[in-house]
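Chain and residue survey
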Amino acid sequence: MTPFAWANARNLTEGASAASITVAEAMTAAPDVMPRGQPSIVMAGGIDLLDLLKENLLTPATILSLKDIPGLGRIVEEDGGGVLIGPMVTLAQLADHPVLRQRYPAFTDAAQSSASPQIRNVATLGGNLLQRPRCWYFRAAEYHCSRKGGNHCFAMFGENQYHAIFDNMPCAIVHPSTSATTLVALGARIELTNAQGTVRNLLLEDFFVLPSKDIRRENDLKPQEILTSISLPSVPPGTRMAHLKQGEKDSFDWPLADVAVVLDVAPDGSCDRASIVLGAAAPAPHRARAAEAMLAGKHIDANLAKSAAHAGLDGATPLAKNAYKLPLFETLIQRAILKAIA
Ligand SMILES: Cc1cc2nc3c(=O)[nH]c(=O)nc-3n(C[C@H](O)[C@H](O)[C@H](O)COP(=O)(O)OP(=O)(O)OC[C@H]3O[C@@H](n4cnc5c(N)ncnc54)[C@H](O)[C@@H]3O)c2cc1C
Ligand code: SF4
């Protein structure tokens, strides 16, 4: 690991100023020409950042921790029924929060199913949304792939069993955040604040960037900008939701597949609107729009859930080693719909 200076940011201006370059930009230079001694980077819990430092994939001159900035660790119930969450709230705090558990059980289940208890005690929601992908070629310094500024995707014809089945050209990462799957299904918004104090507020869904647009970054974070809140909208009566995750093992791991379903159920029992999002399926949380359309306006039963689950795979382009994800997702979508309406 390359030595770096360490400090705690005391306020938002210091924190945003410290993010002199995005981590994605800092990692795109070739390893042998990485500008050493220049970038300063912000850190939350450090789970993902320290991995990158240990592999020498990232060599910042300075790291500023966001943990002392007032207000970033709060969970606030808002007028109108929504909830505002600071980016420094840990996954463990989310999973245990009684109001979040009661209003957004799919979200707290997703937080609870991520990683291990020790990691959840440290990992923050902000860091979770902004963690870099798990593609093993990306994580290994020996492979200078396209996402790191090279000109080759090693996964495309290599070991791609954990990779994307949608939107997987010219890079087949899956987005690593399990929380993001449910937050997109719930219609969460985020707030970003830059060093000048300018605030951007946008749908989380619109924050993610597909490789067809820019292969070097997963999101639209700008230099000198930090994530300052995540807002969950109110849930009207009749809202039903579920999140299911399937991994290789039950103890701790990123998912092979995860699915979030949010349904607005009318008083007559029909589904007004469905939001179905697949995680570990694409470089960004993936809306299964054909499945959503199939449920809208109908009374949901087991047969309809099965047909919608099948439609949810429309447009999939599996790679040589990940076609097993098709039946896996189909089963998870069907079960998540039925769990939501149970
Ligand atoms: C064994 C293991 C299993 C795991 N399983 C899962 C899983 O199932 N699901 C899942 O989703 N994750 C999983 N993870 C990943 C883990 O949840 C993330 O690494 C963690 O949430 C990152 O949060 P952090 O606070 O440590 O972020 P950090 O490592 O501190 O930061 C991550 C990135 O975000 C940036 N950053 C952080 N906060 C801000 C901010 N407010 N504004 C701007 N930039 C910011 C940092 O600069 C850095 O680039 C697993 C990790 C491990 C080690
Ligand atoms: S899938 Fe993306 S991150 Fe992985 S090797 Fe290919 S270009 Fe690199």
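Let me begin by describing the structure that accompanies this report. (Residues numbered from 1 in each chain as written. Chains lettered and ligands numbered in written order. Predicted model: local features only at pLDDT ≥ 70, side-chain atom pairs only at ≥ 80, totals over all residues. Heavy atoms only, no water.)

With respect to the sheet that holds strand 6 (residues 189–194)
Across the sheet, which stays open at both edges, the five strands sit in the order 4-5-8-6-7 with antiparallel pairing between neighbours. At either end of the open sheet lies a strand with only one pairing partner, and these are strand 4 (75–77) and strand 7 (199–203). Pairwise comparison of adjacent strand axes, ignoring direction, gives a mean angle of 20° for this sheet. In the sheet, strand 5 (residues 83–85) pairs with strand 8 (residues 225–232) via three bridges, with the strands oriented antiparallel. Residue pairing for strand 8: Ile85 is matched across the bridge by Ile230. (Pairing = 2+ DSSP bridges. Helix = DSSP H or I, 4+ residues; strand = E, 2+ residues; numbered from the N terminus. Axes fitted to C-alpha atoms, helices over the stretch in contact; angles between N-to-C directions.)

Some remarks on the site of ligand 1
The local shell around ligand 1 holds 32 residues, among which Val42, Gly45, Gly46, Thr124 and Thr178 are the closest. Residue Gly46 places a main-chain N or O atom 2.7 Å away from an oxygen atom belonging to ligand 1. Ile47 is positioned such that a nitrogen or oxygen atom in its backbone is 2.8 Å from an oxygen atom of ligand 1. Within the complex, 94% of the 990 Å² of free accessible area of ligand 1 lies under protein. Among the residues forming the shell around ligand 1, the class breakdown is 20 nonpolar, nine polar and three charged. Counting only domains with at least three residues in the shell around ligand 1, you end up with domain 1 (5–67) and domain 2 (239–341). (Near = heavy atom within 4 Å. Polar contact = N/O pair within 3.5 Å; in protein donor to acceptor, adjacent residues only side chain to side chain. Areas by Shrake-Rupley, 256 points an atom, 1.4 Å probe, with all protein chains shown as cover. Nonpolar A, V, L, I, M, F, W, Y, C, P; charged D, E, K, R; others polar. Domains from an automatic or database assignment.)

Here we look at the packing of helix 6 (residues 105–112) against helix 10 (residues 178–186)
Where helix 6 contacts helix 10, the axes come no closer than 8 Å and their chain directions differ by 170°. Of the possible angle classes, the one that applies to helix 6 and helix 10 is roughly antiparallel. Counting all contacts with helix 6, which are made through Ala106, Phe107 and Ala110, the residues of helix 10 involved are Thr178, Ser179, Thr182, Leu183 and Leu186. Residue composition of the contact of helix 6 with helix 10, grouped by class: five nonpolar, three polar and no charged. (Parallel < 35°, antiparallel > 145°, perpendicular 65-115°, else oblique. Contact = heavy atoms within 4.5 Å.)

What about the sheet that holds strand 3 (residues 62–65)?
Spatial strand order, 1-3-2: three strands in an open sheet with parallel pairing. The open sheet has two edge strands with one neighbour each: strand 1 (5–8) and strand 2 (40–43). The average undirected angle you get between the axes of adjacent strands in this sheet is 25°. When strand 1 meets strand 3, the two strands line up parallel, connected through four bridges. Residue pairing for strand 3: Asn8 is matched across the bridge by Ser65.

Observations regarding the pattern of salt bridges
Overall, the coordinates contain 21 salt bridges when judged by the stated rule. The residue Asp48 makes a salt bridge to Arg134 at a minimum N-O spacing of 3.7 Å. Of the two residues, Asp48 is situated in helix 3 (residues 47–54) and Arg134 in the loop between helix 8 (125–130) and helix 9 (136–139); the sequence distance between them amounts to 86 residues. Judged by relative accessible area, which is 30%, Arg134 ranks as partly exposed. Among the salt bridges present, the one from Asp48 reaches Arg139, with a minimum N-O distance of 2.9 Å. Of this pair, Asp48 sits in helix 3 while Arg139 sits in helix 9, and the two are 91 residues apart along the sequence. The class for Asp48 is buried, based on a relative accessible area of 14%. Of the residues examined, Arg139 reaches a relative accessible area of 11% and is grouped as buried. One salt-bridge network, in which partners are shared between bridges, spans Arg200, Asp214, Arg217, Asp220, Lys222 and Glu225. (Salt bridge = Lys/Arg side-chain N within 4 Å of Asp/Glu carboxyl O. Buried < 20%, exposed > 50% of the residue type's maximum accessible area, 1.4 Å probe, protein only.)

As for helix 10
With respect to burial, helix 10 is a largely interior element, nine of its nine residues being buried. Listed as buried for helix 10 are Thr178, Ser179, Ala180, Thr181, Thr182, Leu183, Val184, Ala185 and Leu186. By the N-cap criterion, in which a side-chain oxygen at the helix start approaches the backbone nitrogen of a residue two or three places on, helix 10 is capped by Ser177, the distance to Ser179 being 3.4 Å. Following helix 10 by one or two positions, Gly187 has its phi on the positive side, about 75°.

Remarks on the side chain of Asp258
Relative to the helices and strands, Asp258 resides in strand 10 (residues 257–265). At 7.7 Å, Lys245 is the nearest oppositely charged side chain to Asp258, a buried residue that forms no salt bridge. Separated by 2.9 Å, the side chains of Asp258 and Thr181 make a polar contact. Of note is the side chain of Asp258, whose polar atom sits 2.8 Å from the side chain of His243. Beyond its immediate sequence surroundings of up to four residues, Asp258 is in contact with Thr178, Thr181, His243, Leu244, Lys245, Val277, Leu278, Gly279, Ala280, Phe329 and Leu332. (Lys, Arg positive; Asp, Glu negative; His and termini not counted.)

Notes on the nonpolar core
One finds Ile85, Leu94, Phe107, Leu183 and Leu232 to be the most contacted residues of the largest nonpolar core, which totals 35 residues. Per element, the largest residue contribution to this core is five residues, and it comes from helix 10. Excluding residues within four positions of it along the chain, Leu232 makes contact with Gly82, Val83, Ile85, Leu100, Tyr104, Phe107, Leu183, Leu186 and Ala188. Listed in part, the 32 residues of the second largest apolar core include Cys271, Leu278, Ala336 and Ile337. (Core = buried A, V, L, I, M, F, W, Y, C linked by side-chain atoms within 4.5 Å.)

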